[in-house]
Amino acid sequence: MSGVRRGLAGLVLAVPFVLGAAAAEAPEAGDVVLTLTDPEIVESSGLALVPGADLLATVNDSGDGARVFAVDPSTGRTVGVTWWRQAGDPRDVEALAPAGPGEVWVGDIGDNLRARDSIEVARVPVGRGTTRVDVPRTTLVWPDGPRDAEALLVHPRSGRLHVVSKGVFGGEVAVAPERLVPGETAPLTVLGEVAGMVTDGAFWPDGRHLVLRSYEQAHVYRYPELEHVATFDLPPQPQGEGLAVTDDGQVWISTEGARSEVLRVQVPRGVLRALEGQQSPTWWQRLLEMLVPMR
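So, how was this worked out
Residues numbered from 1 in each chain as written. Predicted model: local features only at pLDDT ≥ 70, side-chain atom pairs only at ≥ 80, totals over all residues. Heavy atoms only, no water. Helix = DSSP H or I, 4+ residues; strand = E, 2+ residues; numbered from the N terminus. Buried < 20%, exposed > 50% of the residue type's maximum accessible area, 1.4 Å probe, protein only. Contact = heavy atoms within 4.5 Å. Areas by Shrake-Rupley, 256 points an atom, 1.4 Å probe, with all protein chains shown as cover. 1 Å grid on protein atoms, 1.4 Å probe; cavity = no way out; pocket = protein on both sides within 12 Å on 5 of 7 lines; lining within 4 Å. Points joined across faces, edges and corners; volume = space filled by probe spheres on them. Nonpolar A, V, L, I, M, F, W, Y, C, P; charged D, E, K, R; others polar. Phe/Tyr/Trp six-rings, centres within 6.5 Å; stacked < 30°, edge-to-face > 60°. Salt bridge = Lys/Arg side-chain N within 4 Å of Asp/Glu carboxyl O.

Time to look at the overall build of the chain. Scanning the chain for helices and strands turns up 3 helices and 22 strands. Evaluated residue by residue, the chain yields a buried proportion of 48% over its 295 residues. Counting only contacts in the chain whose residues sit at least 6 apart along the sequence, the fraction spanning at least 24 positions is 51%. Accessible area for the chain stands at about 14,200 Å²; split by element, carbon and sulfur atoms hold 51% of it.

Here we come to empty space enclosed by the protein. Within this structure, the stated rule accounts for 1 cavity of 30 Å³ or more. In this structure, the largest cavity encloses a volume near 70 Å³. Split by residue class, the lining of the largest cavity holds 6 nonpolar, 4 polar and 5 charged.

Before going further, it helps to examine the packing of aromatic side chains. Inspection of every chain in the model, using the stated rule, returns 1 aromatic pair. Taking the centre distance of 5.0 Å and the plane angle of 85° together, the rings of phenylalanine 203 and tyrosine 223 count as edge-to-face. You can see phenylalanine 203 sitting in strand 16 (residues 200-203) and its partner tyrosine 223 sitting in the loop between strand 18 (217-222) and strand 19 (227-233), a full 20 residues away along the chain. Of the two residues, phenylalanine 203 and tyrosine 223, neither departs from the other in class, the shared state being buried.

Tallying each qualifying case throughout the model produces 12 salt bridges. Of the charged contacts, one joins arginine 67 and glutamate 40 as a salt bridge, the two residues approaching to 3.1 Å between their closest N and O atoms. On the criterion of sequence distance, the pair formed by arginine 67 in strand 4 (residues 67-71) and glutamate 40 in the loop between strand 1 (31-35) and strand 2 (44-49) is long-range, its members being 27 residues apart. The exposure class assigned to arginine 67 is buried, which follows from its relative accessible area of 11%. Looking at glutamate 40, the relative accessible area reads 43%, which means it is partly exposed. The salt bridge partner of arginine 147 is glutamate 172, with a shortest N-O separation of 2.9 Å. Placement of arginine 147 in the loop between strand 10 (137-141) and strand 11 (149-154) and of glutamate 172 in strand 13 (residues 171-175) is noted, with a sequence separation of 25 residues between them.

Nothing here speaks to function; it is all geometry.
Take a look at the structure:
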């Protein structure tokens, strides 16, 4: 066998091992978008970009008051706080999702003990300055008993709310009715099963995919059939509980902890290709992608 042939044969034989080694590599560290500088933000759980405003919204985990922090993405400084409930505390706020211009949905949806008869969502105005409002809330009920949940998603076209439960071995995506009436109770309808330990999620801008995160990974599903598309590792974080997707398809993630960082995730090219509906790459295309890193 000639030297050239031996080299080619060796490359072909090595390809599966090279690809396997690449898949086992640690994920990229992620680019720091901002650091949450507010000493009051110590358990950032939900994360959402505020429509129509250059602001990022976050909330503390359970145990905090009924408030939403508005953060300037260019500095990481809190520029506004909305107190959205005048009487009584929420039970377990865990998630945010974009609503109308200058508004976010707040999800009081956590239930670690699975003891709640219902959960609540509220549409809250978010902006600069300190504001106190008393917004009406809508009660949602899971079918067949309560679930713990930490992810609240809004479809970018229909505006319908989706809640994702946080099961250890698997979760469920449930959709709220098309029209929610504040002050009334509405049933959730389960669409299907997804990965376990989901701590947040968001729709892709096209509305045909959703991205769900756990503490260590992100899972991509085709919507509404919830067909699994891809899974990829996320940068290590102390307790990753936030995820947002920008209008141009950037994935931002956050974690609990004082002065925590919001990171921009480098989504693998194969996953981006799947999100764009392109055909999966051949083995030699995957090898080329590894040899020529994406910038």
